[in-house]
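# Summary of structural features
If you want the building blocks of each chain, they are given just below.
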Amino acid sequence: MNRVDVREAVTRAHHEEWARVVAALTRRFGDLDIAEEAAAEAFATAVERWPADGVPPNPGAWLTTTANRKAIDRIRRENKRDDKHKEAQMVYADDPPEPPGAIDDDRLRLIFTCCHPALAMDIRVALTLRMVGGLTVPEIARAFLAAESAMGQRITRAKAKIKAAHIPYRVPAAEDLPARVTGVLAVLYLVFNEGYLATGPDTDPVRHDLTAEAIRLTRLIRALLPEDGEAAGLLALMLLIEARRTARVSASGELVALDEQDRGAWDAALIAEGHRLVRERLAAAAAGVAPGRYQILAAINAVHTSARDARDTDWSQVLALYDQLVRLDPSPIIALNRAIAVAELDGPEVALAIVDRLAEALADYHAYHATRADLLRRLGQSQQSRAAYDRAIELAGNTGETAYLTRRRDQLQ
């Protein structure tokens, strides 16, 4: 096997196994730093060893075993230097430091550890993207529109705080779940988004490993809290987006816009499940239970996936749902998405006026410039549209999206 094949094998293993390895090490050693560094060393060892030895029959087991040895080596070194008796005892401990909790799932426990209320919400999200999603610091920084160095420092401080505060590695007790679930859902949503539209220039445009894991964990959250409307809403949202996955990337690796997708290639079973969940939440809303953010987003996606053809989309219903969502979440990104619906109903000129008001807030957000480029194209302003496409291409990290934007720009007169 050549080095290119090995590199692809290691990359695939990283996508599939990172969270499992980190979660298993955290359960055994109770330290996020040790877990992360040992996992990273194991993957680095794979890059060195697999070209000569070949990819093992079970890459995940190989990585876990190697990471465990790396962690033990580190603890022994630190024990000799700092006399850390408690950590040294972990080398020989067979039992996890904390009981498993309501659901025996290592990665779910890891998420609840990263999403402890003692941490600020943005830190919870960033830490989980790193520890559970396996995203690099640059990828996380792009997702937050933040400087890479600042994001690295935030993640380091968060891990140190978890260690110093002895935050437990477990799923909380039932009475504590409602207070914790909002942060966990926010994190799972962002993990899913990173899979749905990967920000890294060296990754696949769509990372099915992340979307599948986010869906799996959201199902577990819903099992823990079956009456939680937002857990059901988030699951519905993920399913309706995931249903379109195979139609979202062309054979050449270019992202395919929603209105250009082959709707016959969508996953009918996932759409049916997503629609059923949306109907359940609509019934609850009719009974006086106000829907939350994820439930409204799921309803918007239900409208899109109900149309047999893009031309049949009920844009008035989409806009009404965005109007409802803006009252809950008046963020500039929601306003940008709402403007797309406005363009379909009231025309690109009206929508462009809305988008231009978001310039300062979204100056470094590629989708802002891509949306603006499309509206300017529709208005026949090719020169301004080209400049907006250039800026969107400069900011976009996703290879498939870059290819799509480049083609659209090059089609301008």
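Residues numbered from 1 in each chain as written. Predicted model: local features only at pLDDT ≥ 70, side-chain atom pairs only at ≥ 80, totals over all residues. Heavy atoms only, no water.

To continue, consider the overall build of the protein chain. A tally of regular secondary structure across the protein chain gives 19 helices and zero strands. Going through the 413 residues of the protein chain one by one, you find that 50% of them count as buried. Once local pairs closer than 6 in sequence are excluded, the contacts in the protein chain between residues at least 24 apart make up 65%. (Helix = DSSP H or I, 4+ residues; strand = E, 2+ residues; numbered from the N terminus. Buried < 20%, exposed > 50% of the residue type's maximum accessible area, 1.4 Å probe, protein only. Contact = heavy atoms within 4.5 Å.)

Helical geometry: 3.6 residues make up each α-helical turn, so side chains three or four residues apart lie on a common side. The buried fraction of helix H6 (residues 121–131) amounts to nine of the 11 residues, a majority that puts the element mostly inside the structure. Among the residues of H6, those classed as buried are Ile123, Arg124, Val125, Ala126, Leu127, Thr128, Leu129, Arg130 and Met131.

Turning next to the environment of Glu230. Structurally, Glu230 can be placed in helix H11 (residues 229–242). Given the relative accessible area of 19%, Glu230 is considered buried. With sequence-adjacent residues up to four places away left out, Glu230 is seen in contact with Leu185, Gly292, Arg293, Tyr294 and Gln295. Only 3.0 Å separates the side chain of Glu230 from the backbone nitrogen of Arg293, close enough to count as a polar contact. (Polar contact = N/O pair within 3.5 Å; in protein donor to acceptor, adjacent residues only side chain to side chain.)

Looking now at the state of the cysteines. Scanning the entire structure with this criterion turns up zero disulfides. In this structure Cys114 is not part of a disulfide, and its nearest cysteine sulfur, from Cys115, lies 6.4 Å away. A residue is classified by how much of its surface remains accessible, and Cys114, at 0% relative accessible area, is buried. (Disulfide = S-S within 2.5 Å.)

Bringing the nonpolar core into the picture now. Grouped together as the largest cluster of nonpolar side chains are 121 residues, with contacts concentrated most on Leu110, Leu127 and Ile221. Ranked by residue count, the leading element in this core is helix H9 (residues 177–196), at 10 residues. Setting aside anything within four residues of it in sequence, one finds Leu127 in contact with Leu32, Cys114, Leu119, Ile155, Ala158, Lys159 and Ile162. (Core = buried A, V, L, I, M, F, W, Y, C linked by side-chain atoms within 4.5 Å.)

Considering all chains together, one arrives at 26 salt bridges under this definition. A salt bridge links Glu260 to Arg407, with the shortest nitrogen-to-oxygen separation between them at 3.9 Å. Taken together, the positions of Glu260 in the loop between H11 and helix H12 (268–286) and Arg407 in helix H19 (residues 399–410) put the pair 147 residues apart, joining distant regions of the chain. On the basis of relative accessibility, which here comes to 40%, the residue Glu260 falls in the partly exposed class. The exposure class of Arg407 is partly exposed, given its relative accessible area of 29%. (Salt bridge = Lys/Arg side-chain N within 4 Å of Asp/Glu carboxyl O.)

Arg281 provides the closest opposite charge to the buried, salt-bridge-free Glu230, at an N-O distance of 6.9 Å. At 3.0 Å, the side chain of Glu230 and the backbone nitrogen of Tyr294 are in polar contact. (Lys, Arg positive; Asp, Glu negative; His and termini not counted.)

Looking at the secondary structure, you find Asp323 in helix H14 (residues 315–328). Sequence separation between Asp323 and Ala335 is 12 residues, and the spatial gap between their C-alpha atoms is 9.1 Å.

You can see Arg244 is positioned in the loop between H11 and H12. Buried within the structure, Arg244 lacks any salt-bridge partner; Glu242 is the closest side chain of opposite charge, at an N-O distance of 9.7 Å. In terms of polar contacts, Arg244 uses its side chain to reach the backbone carbonyl oxygen of Leu240, at 3.4 Å. In this structure Arg244 touches Tyr196, Leu258, Gln261, Trp266, Asn301 and Thr305, once residues within four positions along its chain are discounted.

Closest axis-to-axis distance for the helix H5 (residues 106–114)/H9 pair is 9 Å, and the angle between their directions is 100°. For the element pair H5 / H9, the angle class is roughly perpendicular. Here H5 contributes Ile111, Phe112 and Thr113 to the contact with H9, which in turn contributes Leu177, Arg180, Val184 and Leu188. For the contact of H5 with H9, the per-class residue count stands at five nonpolar, one polar and one charged. (Axes fitted to C-alpha atoms, helices over the stretch in contact; angles between N-to-C directions. Parallel < 35°, antiparallel > 145°, perpendicular 65-115°, else oblique. Nonpolar A, V, L, I, M, F, W, Y, C, P; charged D, E, K, R; others polar.)

Where H9 contacts helix H10 (residues 208–224), the axes come no closer than 8 Å and their chain directions differ by 160°. By the angle class used here, H9 and H10 are roughly antiparallel. In this structure, H9 meets H10 at a crossing whose hand is left-handed. The segment H9 lies against H10, with Leu177, Val181, Val184, Leu185, Leu188, Val191, Phe192, Glu194, Gly195 and Tyr196 engaging Leu210, Thr211, Ala214, Ile215, Leu217, Thr218, Ile221 and Leu224. Taken together, the residues of the contact of H9 with H10 sort by class into 14 nonpolar, three polar and one charged. (Left-handed = near helix turned anticlockwise from the far one by under 90°.)

What follows covers H14. With 14 residues, H14 should cover 20 Å at 1.5 Å per step; its first-to-last C-alpha distance of 20 Å lies within 8% of that length. Residues Val318, Leu319, Leu321, Tyr322 and Leu325 constitute the buried set of H14. Projected down its long axis, H14 shows its buried positions confined to an angular sector of 160°, all on one face. Next to the buried residues of H14 lie helix H13 (293–306) and helix H15 (332–346). (Expected span 1.5 Å × (residues − 1). Arc of directions from axis to C-beta.)

This next bit is on the environment of Cys115. Locating Cys115 in the fold gives a position in the loop between H5 and H6. Exposure remark for Cys115: the relative accessible area of 0% places this residue in the buried category. Between the C-alpha atoms of Cys115 and Thr182, which are 67 residues apart in sequence, the distance is 9.4 Å. Contact partners of Cys115, with chain neighbours within four places excluded, come to Arg124, Thr128, Arg180, Gly183, Val184 and Val187.

Attention shifts here to the packing of aromatic side chains. As enumerated under the stated definition, the model contains two aromatic pairs in all. Centre to centre, the rings of Trp50 and Trp62 are 5.4 Å apart; their planes meet at 70°, and the pair counts as edge-to-face. Of this pair, Trp50 sits in helix H2 (residues 32–53) while Trp62 sits in helix H3 (residues 59–82), and the two are 12 residues apart along the sequence. For Trp50, a relative accessible area of 1% gives the class buried. Each ring, one from Tyr189 and one from Tyr294, has its centre 5.3 Å from the other, and the planes form 65°; the classification is edge-to-face. Note that Tyr189 is positioned in helix H9 and Tyr294 in helix H13, a separation of 105 residues in sequence. Judged by its relative accessible area of 8%, Tyr294 falls in the buried class. (Phe/Tyr/Trp six-rings, centres within 6.5 Å; stacked < 30°, edge-to-face > 60°.)

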